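# Structure assessment
Spelled out, the chains give:
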Amino acid sequence: MEKFIINGGAPLHGEVEISGAKNAALPILAASILSQDVCVIENLPCSISDVNYMMKILAHIGAKVKLINKNTVEIDSRFVNSYVISHDMTKHLRASYYFIGALLGRYGRAKVAMPGGCYLGARPIDQHIKGFELLGASVSVEDNATVDAKASKLIGSPIYLDMVSVGATVNILLAAVKAEGLTVIENAAKEPHIVDLANFLNSMGADVRGAGTDVIKVRGVEQLHGCNYSIIPDQIEAGTYMVAAAATHGNVIIKNVIPKHLESISKKLIECGAEVEEFDDAVRVSLDRRPGKCNIKTMPHPGFPTDMQPQMAVLLALADGTSIVSESIWSNRFRYADQLNRMGADIKADGQLAVVQGVEQLKGAPVKADDLRAGAAMIIAGLAASGTTEIEDILHIDRGYEDVVEKLKGIGADIKRVFCPEPNSLTNAG
Ligand code: EPU
């Protein structure tokens, strides 16, 4: 077991480089098996555990996965030889279920155990299944544990999503690119990672149009070929460093970003009194006084991202005044409030609403990362707080933040990763 120890209070200063986007990388890795060829994927955040698990699943079903350098991987999908993925492989992450769409697209058959991932409330997959069925697959869920989908032929279809779902949009795209005829996904997700996946599929010879709008049209093609592709920068990693800069009263240039993707975050930081300066592929964030309050409501893109809600709540916890945070995507994304309150915050969360009464100072305390973004919030809180914060359960943070200790140290943070023995592995000397 490992934990982070942070001595807080120092403003962050300098430059930090953002990695490739996790939530683009995961569907793109699954999509690579649609090509039966070689894909070279660049700007891949190879060292985060979610990406690692996806590469393990690729190897498990027969793909040859070769690390070319720290952030480039070559995937040779010619040798993929199985459509079965067991729970041992899928349990670590949500995105493992992208192999249902990808294997259906490749073989017309997928037998994939239910995914794991952060607990943020119920995470049903009814819209994924509806999409597969409309494309002509028959889908059963055995013992609530394994999705078995089969189709003698996938045929394009209009598909209306009952709610905007990133995962369902991805999975339907993966199954539809090689289906016969036209698929139209209405009420599709518009996140930057959906556009990146569509661009990757088109680089392999697919015909996907409209990604980034709520109507995506896919004209099926018979075959896809390999390609070289570079993944977009991670919007949420960038946003996390932006908030960290503001919360510590720092001044940080965040490089390798697409400022347009950060607009909803920049606007809220500005509302709180931060300065946000945009460059071609960088943003500079600074704040030299106590942040002001502001209200947040999470929405699908281009709204304020739910994956930035916990981090932003740390800034609001330090703000002058009371802010309301309203979570409209997930039913249980305020578990971090208890942890922040241990550090002196005053957050009252009820259902999908939280009232954040700003305090002047947070104080270091032992806390834990309940999930990935809750963990990111704990890091920001620890950096902004006086004294020492110890964060446990950092495996959640490792799922999505590449080189987080090194990057934070590079902008002046006092943070280290330490190994601590599991409680039950300690011998009782008495
Ligand atoms: N939903 C359904 N039925 C479905 C699919 C979704 O009811 O079949 C509901 C969900 O329960 C939720 C809403 O629709 O209330 C949106 O869920 P969505 O499918 O968009 O979420 P997801 O694909 O499971 C991805 C990200 C999450 C991010 C959400 C929302 C990945 C691997 N995960 O999840 O990222 O919070 O979109 O933007 O892309 C994270 O990175 O920390 C993370 C949790």
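None of these values were measured; they are calculated from a predicted model.

### What about the pairing of strand E11 (residues 182-186)?
With 3 bridges connecting them, strand E10 (residues 158-160) and E11 associate as parallel partners. Note that in E11 the partner of tyrosine 160 across the bridge is glutamate 186. In this view, the connection linking E10 to its parallel neighbour E11 by way of helix H6 (residues 166-176) has right-handed handedness. As defined by bridge partners, E11 adjoins strand E13 (residues 215-219) across 5 bridges and the pair is classed as antiparallel. Within E13, the residue paired with threonine 183 across the bridge is valine 218.

### Topic: the nonpolar core
Core analysis: the largest hydrophobic core is formed by 77 residues, its most contacted members being Leu44, Phe99, Leu174 and Leu201. In this view, leucine 44 contacts Ala25, Leu29, Val51, Met55, Lys70, Asn71, Val73, Ile231 and Glu402; residues no more than four positions away in its chain are not counted.

### A short note on the sheet that holds strand E4 (residues 64-69)
Read from one edge of the open sheet, 4 strands run E4-E5-E3-E14, paired in mixed fashion. Each of the sheet's edge strands pairs with one partner strand only, and the pair in question is E4 and strand E14 (228-230). Within this sheet the neighbouring strands show an average axis-to-axis angle of 20 degrees, counted without direction. Alignment of strand E3 (residues 38-42) against E14, held across 3 bridges, turns out to be parallel. If you follow valine 40 over to E14, its bridge partner there is asparagine 228.

### Comments concerning the site of the ligand
The immediate surroundings of the ligand are formed by 24 residues, with Gln127, Ser165, Val166, Asp307 and Ile329 found nearest. Lysine 22 is positioned with one of its side-chain polar atoms (N or O) 3.0 Å from an oxygen atom of the ligand. Between an oxygen atom of the ligand and a side-chain N or O atom of tyrosine 97, the distance comes to 3.4 Å. Burial of the ligand by the surrounding chains reaches 90%, relative to a free accessible area of 830 Å². Placement of the ligand is best described as lying within the largest pocket. For the shell around the ligand, the secondary-structure elements that each account for two or more residues are helix H1 (22-31), helix H5 (126-134), H6 and helix H12 (372-384).

### Remarks on the environment of valine 51
Positionally, valine 51 belongs in helix H2 (residues 49-60). Separated by 371 residues in sequence, valine 51 and glutamate 422 have C-alpha atoms that sit 25 Å apart.

### Describing the side chain of lysine 3
Secondary-structure assignment places lysine 3 in strand E1 (residues 2-7). Judged by relative accessible area, lysine 3 falls into the buried class, the value being 15%. Not counting chain neighbours up to four residues away, the residues in contact with lysine 3 comprise Glu390, Ile391, Glu392, Ile394, Lys416, Arg417, Val418 and Cys420.

### With respect to the layout of surface pockets
Any space left empty among the atoms is revealed by the rolling of a water-sized probe across them. For the largest pocket, the calculated volume is near 990 Å³. Tallying contributions element by element places H1 first for the lining of the largest pocket, with 4 residues. A per-class count over the lining of the largest pocket returns 21 nonpolar, 11 polar and 10 charged.

### Some words on the packing of H1 against H2
Where H1 contacts H2, the axes come no closer than 10 Å and their chain directions differ by 0 degrees. By the criterion of interaxial angle, the relationship of H1 to H2 is roughly parallel. In this structure, H1 contributes Lys22, Ala25, Leu26, Leu29 and Ala30 to the contact, and H2 contributes Asp50, Val51, Met54, Met55 and Leu58. Per-class residue counts for the contact of H1 with H2 are 8 nonpolar, no polar and 2 charged.

Reading the values: the criteria
- Residues numbered from 1 in each chain as written.
- Predicted model: local features only at pLDDT ≥ 70, side-chain atom pairs only at ≥ 80, totals over all residues.
- Heavy atoms only, no water.
- Pairing = 2+ DSSP bridges.
- Helix = DSSP H or I, 4+ residues; strand = E, 2+ residues; numbered from the N terminus.
- Right-handed = clockwise from strand over helix to strand, strands pointing away.
- Core = buried A, V, L, I, M, F, W, Y, C linked by side-chain atoms within 4.5 Å.
- Buried < 20%, exposed > 50% of the residue type's maximum accessible area, 1.4 Å probe, protein only.
- Contact = heavy atoms within 4.5 Å.
- Axes fitted to C-alpha atoms, helices over the stretch in contact; angles between N-to-C directions.
- Near = heavy atom within 4 Å.
- Polar contact = N/O pair within 3.5 Å; in protein donor to acceptor, adjacent residues only side chain to side chain.
- Areas by Shrake-Rupley, 256 points an atom, 1.4 Å probe, with all protein chains shown as cover.
- 1 Å grid on protein atoms, 1.4 Å probe; cavity = no way out; pocket = protein on both sides within 12 Å on 5 of 7 lines; lining within 4 Å.
- Sits in = over half its atoms within 2 Å of the grid points.
- Points joined across faces, edges and corners; volume = space filled by probe spheres on them.
- Nonpolar A, V, L, I, M, F, W, Y, C, P; charged D, E, K, R; others polar.
- Parallel < 35°, antiparallel > 145°, perpendicular 65-115°, else oblique.

Honestly, it's all geometry; don't read function into it.
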